[in-house]
Amino acid sequence: LWLGGTAADVEQFVPAWDQRKPDGTPEGKLVRAKLDVACNDRKGVRTYVDVVGTNAGGSGVLGTPERQARAQEDGRAAHQAVVTKRCRYPPHLVPGASLVPFAFEALGRLSDEARGFLRAMAPSPALLGCAYQELSYLVQRRLAEALLSATPGGGARHSGRPQRPAPRRPLT
């Protein structure tokens, strides 16, 4: 994977962020910290990116007041996902490194951290535009895959990963 001309590693384990969760044994169950992307930013700082998608409508566990707050405050769901990631990966456990909780809402709204990361890694405005376009495509494709897989027989229509359609030609 290449980010802004910089090589990046995907699905990296960071043992300092591993956790033990109670499971009835004295030592607990080890939950390994596997982050989606690891790269060096333009200043040479090791940066870990953990991608999280969320839904502004929430799930059944959200109460009515929270759903109403999310409806009134743009980006609230993405912000809450960022807070959750920062609690899961405390920065003091990996000194000298940076964490980017790359949160996006199901319809495409990015967290401030995700937008900042894209701006920092894109070497030009044109490439930043390309990054937003590609990200938009990926989010919508995954949403479509999720919707299709939830319909009766939907998963059977797609064996494997769907291929990206050919670019559309402008209407003349």
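Bear in mind that the values here come from a model prediction, so they are computed numbers and not experimental data.

Rules of the game
- Residues numbered from 1 in each chain as written.
- Predicted model: local features only at pLDDT ≥ 70, side-chain atom pairs only at ≥ 80, totals over all residues.
- Heavy atoms only, no water.
- Helix = DSSP H or I, 4+ residues; strand = E, 2+ residues; numbered from the N terminus.
- Buried < 20%, exposed > 50% of the residue type's maximum accessible area, 1.4 Å probe, protein only.
- Contact = heavy atoms within 4.5 Å.
- Areas by Shrake-Rupley, 256 points an atom, 1.4 Å probe, with all protein chains shown as cover.
- Polar contact = N/O pair within 3.5 Å; in protein donor to acceptor, adjacent residues only side chain to side chain.
- Core = buried A, V, L, I, M, F, W, Y, C linked by side-chain atoms within 4.5 Å.
- pLDDT = per-residue confidence, 0-100.

Peer 1: I tried to follow the overall build of the chain on my own but got confused; where do I start?
Peer 2: A tally of helices and strands in the chain yields five helices and seven strands. Secondary structure elements of the chain occur, N-terminal to C-terminal, as β-β-β-β-β-β-α-α-β-α-α-α. Here the chain holds 172 residues, and the buried ones make up 29% of them. Sequence separation of 24 or more characterises 52% of the internal contacts of the chain that already satisfy a separation of 6 or more. Accessible area for the chain stands at about 11,500 Å²; split by element, carbon and sulfur atoms hold 57% of it.

Peer 1: Mind showing me how you'd approach the side chain of Asp50 here?
Peer 2: Within the secondary structure, Asp50 is located in strand S6 (residues 46-54). Judged by relative accessible area, which is 3%, Asp50 ranks as buried. At 2.6 Å, the side chain of Asp50 forms a polar contact with the side chain of Lys85. With near-sequence residues (within four places) excluded, Asp50 lies in contact with Lys34, Leu35, Asp36, Lys85, Tyr89, Val100, Pro101 and Phe102.

Peer 1: Looking at this structure, I do not really get the nonpolar core. What am I missing?
Peer 2: Note on soluble globular proteins: their nonpolar side chains tend to be buried together. Core analysis: the largest hydrophobic core is formed by 16 residues, its most contacted members being Cys39, Val49, Phe102, Leu110, Phe117, Leu118 and Leu135. If you list the elements that add at least two residues to this core, you get strand S5 (34-40), strand S7 (97-105), helix H3 (112-121) and helix H4 (125-150). Counting residues per element, this core draws most heavily on H3, which supplies four residues. Beyond its immediate stretch of four places on either side in the chain, Leu110 contacts Phe102, Ala103, Phe104, Arg115, Leu118, Tyr132 and Leu135.

Peer 1: Before we go on, may I ask you to explain unusual backbone geometry in this structure?
Peer 2: One can expect most non-glycine residues to show negative phi and most peptide bonds to be in trans. Phi at Glu11 is positive, roughly 50°, even though this residue is not glycine. Relative to the helices and strands, Glu11 is located in strand S2 (residues 6-13). Of the residues examined, Glu11 reaches a relative accessible area of 49% and is grouped as partly exposed.

Peer 1: Can you walk me through the confidence of the model for the chain in this structure?
Peer 2: Interpretation of the predicted coordinates at a detailed level should be avoided for regions scoring low in pLDDT. Confidence in the prediction for the chain averages 83 pLDDT; 83% of positions are at 70 or higher. Here helix H5 (residues 154-157) stands out as the least confident element of the chain, with mean pLDDT 56; strand S4 (residues 29-31) is the most confident, with 94.

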